[in-house]
Amino acid sequence: MSNSSIEMVAKKPSEDDISSPDRNSLSIEQADEIENASVFMKVIRRQSKWCGCSLILVLSSLVVFLVGRIYMTSDGVGADILPLSGSEQGGTVNNDAVKDSPTRNHIGVIGSLLRGNATTNDRNKSGLQTWMRQHGHLSPNAKQPPTPPTLTNHTATNETSSSSGEPSTDPIFDTQKWHNSKVTLDDGVMFRVERELSHDSGAFLEGLTFSNGSLYESTGLIRQSSIRRLDPDTGDVIESYFLEDKTIFGEGLAAANGKLYQLTYKKKMGFIYDINNISQPVNTFAFESTTGEGWGLTYADDSDELIMSDGSDVMHMINPETLTPTRTVKVLRDEGKPANNINELEYFHGRVLANVWYQDIILVINPLTGVVEKEYDFSTLWLKSERSKKGADVLNGISTSSHPGCVYVTGKNWEKMFLVELKF
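Residues numbered from 1 in each chain as written. Predicted model: local features only at pLDDT ≥ 70, side-chain atom pairs only at ≥ 80, totals over all residues. Heavy atoms only, no water.

Caption draft 1: Region of interest: the nonpolar core. Among the nonpolar cores identified, the biggest contains 22 residues, and Leu-353, Tyr-376, Phe-378, Leu-381, Val-407, Val-409 and Val-420 are the most heavily contacted of them. Mapped onto this core, the elements with two or more residues apiece are strand 16 (359-365), strand 18 (395-400), strand 19 (406-411) and strand 20 (416-422). When residues of this core are assigned to their parent elements, the largest contribution, three residues, is made by strand 20. One finds Ile-307, Met-315, Tyr-347 and Ala-354 within the second-largest nonpolar core, a separate group that totals 17 residues. (Core = buried A, V, L, I, M, F, W, Y, C linked by side-chain atoms within 4.5 Å. Buried < 20%, exposed > 50% of the residue type's maximum accessible area, 1.4 Å probe, protein only. Helix = DSSP H or I, 4+ residues; strand = E, 2+ residues; numbered from the N terminus.)

Given below as structure tokens:
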């Protein structure tokens, strides 16, 4: 113990010295400790009037000694005292410097009781706090320690949240790592089902896209073609518009710049809708393609262009404002083989996801080179042997979602839709 510490114990301070400390030189916690200690002294004197002055002096000296030890050890011997800066600032406690001291252990219990932050174990050791509160002597304004925040484990699991339906995937998607990875059909199942939703089995689906917090789909067949808005959490149809011309076969769908663009199969024209009102198209547009047909459609937001498929191995890029073609790219699979029958499209993290007609696969295409970089096998998502019993047709329908690593997947006349995470 230093000389200054010895003097602190030996010197008997006056009541004014203890009850009126210089708060500008103490932290909030230290000032509150001394204030409560002063109250405690007064209580002791009040309850001990039957004792002689010598007994009072002994008890007072003991309390002063304890307060001195609390003052000395709460921040460690020789620690700097932080000045007050508003009601939120306080000193730090160096527990390591004194945690092994037997005296500190006893003082800590009393100090905790005085400050009001005693543990259950501390309260079992002494009834002092209860007694002082019952008699109105413990300051109700003593600074309480902050409540520690509740920590949430965000580690991804295979489970889906039962309360919110949120997927289990981490919201951060490593786009560069995904670009550099290689996925082939030989890798087997490289996706994980996060959620299963309902889907209208009467919808001969041709296009699926996500925008403004909603799913939109385009359906085909003569006299049955429509555009619909779906609930992304359930798959239920919220509203729909059936094409007035019953000779038109609806095809791919894309959302761009507050509009929805819908292709037709053989009419070489498409419809434009206000994304906030699909009750009637606001305009039409003409297009040309390799086959003279329109199949899939998506929007590349980074290059601001619509990307269209026509059932061949060619993708057509279109300016969404002028609706004029800008370029084409041939799509090549392994060993440079043409990727024929490209169907529904979706733009996902700088790449084009594509269904292939009558194959349960999804291709990942570089839109600049046309090279197929990955091939995902979806044959186990809903087995053909099972879905054929329900009258469900081919896998056709891909859309991004509000979750960076997940896409919606469904098919023609499927009674279910899936939110899946693409693995790599």
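Caption draft 2: A look at the environment of Asn-283. Following the sequence through the fold, Asn-283 ends up in strand 9 (residues 283-286). Contacts of Asn-283, omitting those with residues within four sequence positions, involve Gly-270, Phe-271 and Ile-272. (Contact = heavy atoms within 4.5 Å.)

Caption draft 3: Looking closely at the sheet that holds strand 17 (residues 372-377). Pairing is antiparallel across the open sheet formed by four strands, whose spatial order is 14-15-16-17. Bordering the open sheet on either side are strand 14 (342-348) and strand 17, each of which pairs with just one other strand. Neighbour-to-neighbour, the strand axes of the sheet open up by a mean angle of 25°, direction not taken into account. In terms of strand pairing, strand 15 (residues 351-356) meets strand 16 through five bridges, oriented antiparallel. When the sheet's bridge partners are listed, Val-356 is paired in strand 16 with Gln-359. (Pairing = 2+ DSSP bridges. Axes fitted to C-alpha atoms, helices over the stretch in contact; angles between N-to-C directions.)

Caption draft 4: Here's a closer look at the sheet that holds strand 8 (residues 269-274). The strand order across the open sheet built from four strands is 6-7-8-9, with neighbouring strands paired in antiparallel fashion. Lying at the two open borders of the sheet, with one neighbouring strand each, are strand 6 (250-256) and strand 9. Direction aside, neighbouring strands of the sheet carry axes that sit 25° apart on average. The pairing of strand 7 (residues 259-264) with strand 8 spans five bridges and is classified as antiparallel. Looking at strand 8, one finds that Lys-259 is bridged to Asp-274.

Caption draft 5: The arrangement of the packing of aromatic side chains in detail. Under the definition given, this model contains 13 aromatic pairs. Consider the rings of Tyr-241 and Tyr-273, whose centres lie 6.1 Å apart with planes at 70°: the pair is edge-to-face. Of this pair, Tyr-241 sits in strand 5 (residues 237-242) while Tyr-273 is found in strand 8, placing the two residues 32 residues apart along the sequence. Side by side, Tyr-241 and Tyr-273 carry an identical accessibility label, which is buried. Seen from their ring centres, Phe-249 and Tyr-265 are 5.1 Å apart, and the 55° between their planes marks the pair as tilted. Of the two residues, Phe-249 sits in the loop between strand 5 and strand 6 while Tyr-265 sits in the loop between strand 7 and strand 8, which places them 16 residues apart along the sequence. Residue class for Phe-249 comes out buried when judged on its relative accessible area of 16%. (Phe/Tyr/Trp six-rings, centres within 6.5 Å; stacked < 30°, edge-to-face > 60°.)

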